[in-house]
Amino acid sequence: WYQRRVRGEVAFVADDLSFLSHPVPQQSVHIDTSEEAELKVRVSDERKLPPSAPALTVLFDNRDKFQFFSTHKTSFHLSHLAISLSHDSVAGGSYTPVLITPRLTASLRCEVPTLLFSVKQECDPQTRLVLRYPHIPDRSAFLSPSYVGPNGDKLMTSLPVNYRPPSIHGREIAISPNVYNVHPDLPVARSVKAVSKDSYHFKQCAGALRRPDCDCSDESSVSDLAVNSDCRENVYTVPYTTVFTPELLVMRFGEEPRPLNHTYLITEVNGREEFQVYQASQNTLSPNCNYTNCSIVFLGSELFHFRVTVIADTICLYETEFLLFVVDVPLSKTLHNTITVHVAPSCS
């Protein structure tokens, strides 16, 4: 279970029968499947009366959709209330208002302060799934082709101009619609065959005459999404013998990143098949990964553009992409790829 906390305070001051109240505005809380929202409230009674902790009233709806648990502690003139709400449905769409108010009878002339939360069975719009690249502190590192790791290893590969990755038809036959590091005034790589000429299109560089005319920014130049491939110049480098274990994190505004704990699927955006996904916990090869301990074993070289899609146990449509450029392929593998190109069937 993952627990989210939203805190609020209601304060009110009384002098004789004149109250001053300070209600907290409504706050929305989004909870996913297997998450728990904990609402904590502290109420303080500062009236010039014998001190006593104020009693609290809690109202909420949709009791058949949410599990509800609360604890209430008092000390001197303070009341501390903790409310936990959770649900186990993957359908989503339900919500409940939670109204918390002190039970006061000292005055009928003053508005009683209240605190209102709205708890929703839906994905937080400020939630996203990301991959943390090893030794990369932030996305700006991808703007530097010479970026090095803590051991002095070069972590970036600069993609060739108008680069297209290999395909199942052969090393020099590209069929992916994506082109990387686009310079529209220069020839597009691996586009000799008819199937290659007809299969790609520009995005940010559509209609542009030169690279400076493309609609590229620093943000799109470091984006892992295939829709921004025209602008991408530098990608993370991985040696062929490396077994790459993706570190997938769920990011939510105002909270610490947490590891992804849902089953997900790994696919290759450009249709490449020269890799295997190994799940150590089950000692199996499968593109479906249960939580952690999934690794990628490479059977080919150059650019791999992966997509991760969460497929179970969540309301959220979690998805992210990441790019790896595989280098240092053993000579025997390079020779095999060369032979494969020569015997590949014609695609013209």
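Residues numbered from 1 in each chain as written. Predicted model: local features only at pLDDT ≥ 70, side-chain atom pairs only at ≥ 80, totals over all residues. Heavy atoms only, no water.

Draft legend 1. Up close: the overall build of the protein chain. When its secondary structure is counted, the protein chain shows 3 helices and 21 strands. Within the span of the protein chain, comprising 348 residues, buried residues form 43% of the whole. For the protein chain, restricting intrachain contacts to residue pairs at least 6 apart in sequence, the fraction spanning at least 24 positions comes to 65%. With an accessible surface of roughly 18,100 Å², the protein chain has 54% of that area assigned to carbon and sulfur atoms. (Helix = DSSP H or I, 4+ residues; strand = E, 2+ residues; numbered from the N terminus. Buried < 20%, exposed > 50% of the residue type's maximum accessible area, 1.4 Å probe, protein only. Contact = heavy atoms within 4.5 Å. Areas by Shrake-Rupley, 256 points an atom, 1.4 Å probe, with all protein chains shown as cover.)

Draft legend 2. Molecular detail of the packing of aromatic side chains. Applying the stated rule across the entire model yields 12 aromatic pairs. Here the aromatic rings of Phe275 and Phe306 are separated by 5.0 Å at their centres, their planes lie at 80°, and the arrangement is edge-to-face. Highlighted residues: Phe275 in strand 16 (residues 275-279) and Phe306 in strand 20 (residues 302-310), separated in sequence by 31 residues. Connected via pairs of aromatic rings, a cluster forms that spans Phe244, Phe275, Phe298, Phe304, Phe306 and Phe322. Lying across the ring of Phe142, Arg232 places its NZ or CZ 4.6 Å from the centre. If you follow Arg272 out to its NZ or CZ, it ends over the ring of Phe304, 4.0 Å from the centre. (Phe/Tyr/Trp six-rings, centres within 6.5 Å; stacked < 30°, edge-to-face > 60°. Lys NZ or Arg CZ within 6 Å of the ring centre and 35° of its normal.)

Draft legend 3. The arrangement of the pairing of strand 10 (residues 127-131) in detail. Counted residue by residue, strand 10 has 4 buried out of 5 residues, so it is predominantly covered. Note that strand 10 and strand 13 (residues 248-252) share 5 bridges and pair antiparallel. Its bridge partner being in strand 13, Leu129 is matched across the sheet by Val250. (Pairing = 2+ DSSP bridges.)

Draft legend 4. Region of the structure containing the nonpolar core. Tyr236, Tyr264, Phe298, Phe306, Phe322 and Leu324 are the most contacted members of the largest nonpolar core, which has 33 residues in total. With 4 residues, the top contributor of residues to this core is strand 20. Ignoring anything within four residues of it in the chain, the contact list for Leu324 reads Tyr133, Tyr236, Val238, Phe244, Phe298, Glu302, Leu303, Phe304 and Phe306. Listed in part, the 17 residues of the second largest apolar core include Leu56, Phe66, Leu85 and Phe117. (Core = buried A, V, L, I, M, F, W, Y, C linked by side-chain atoms within 4.5 Å.)

Draft legend 5. How the structure looks around the sheet that holds strand 20. Spatially, 6 strands are ordered 11-12-21-20-15-18 in an open sheet, and the strand pairing comes out mixed. Edge positions in the sheet fall to strand 11 (156-158) and strand 18 (288-289), since each of these pairs with one other strand and no more. Of the pairings in the sheet, the one linking strand 15 (residues 264-268) to strand 20 comprises 5 bridges and is antiparallel in character. Directly across from Ile266, in strand 20, lies its bridge partner Val308.

Draft legend 6. Fine view of the pattern of salt bridges. By the definition in use, this model includes 15 salt bridges. Of the charged contacts in the structure, one is a salt bridge between Asp224 and Arg232, with a shortest N-O distance of 2.7 Å. Each member of the pair, Asp224 together with Arg232, is buried. Residue Arg272 pairs with Glu274 through a salt bridge whose shortest N-O separation is 3.1 Å. Connected through salt bridges with shared partners, the residues Glu35, Asp124, Arg252, Glu255 and Arg258 form a single ionic network. (Salt bridge = Lys/Arg side-chain N within 4 Å of Asp/Glu carboxyl O.)

Draft legend 7. The arrangement of unusual backbone geometry in detail. Not every positive phi belongs to a glycine, and His135 is a case in point at roughly 65°. Looking at where His135 falls in the secondary structure, it is placed in the loop between strand 10 and strand 11. In this model, Arg190 sits at a positive phi of 55°, which is unusual for a non-glycine residue. Structurally, the position occupied by Arg190 is in the loop between strand 11 and helix 1 (194-197). The class for Arg190 is buried, based on a relative accessible area of 13%.

Draft legend 8. Quick look at the layout of surface pockets. Here the largest pocket defines a volume of roughly 610 Å³. Lining of the largest pocket is provided by 21 residues; of these, Arg128, Val130, Leu131, Arg139 and Asp224 occupy positions nearest its centre. Elements with a minimum of two residues in the lining of the largest pocket: strand 10, strand 13 and strand 21 (319-327). Per element, the largest residue contribution to the lining of the largest pocket is 4 residues, and it comes from strand 10. (1 Å grid on protein atoms, 1.4 Å probe; cavity = no way out; pocket = protein on both sides within 12 Å on 5 of 7 lines; lining within 4 Å. Points joined across faces, edges and corners; volume = space filled by probe spheres on them.)

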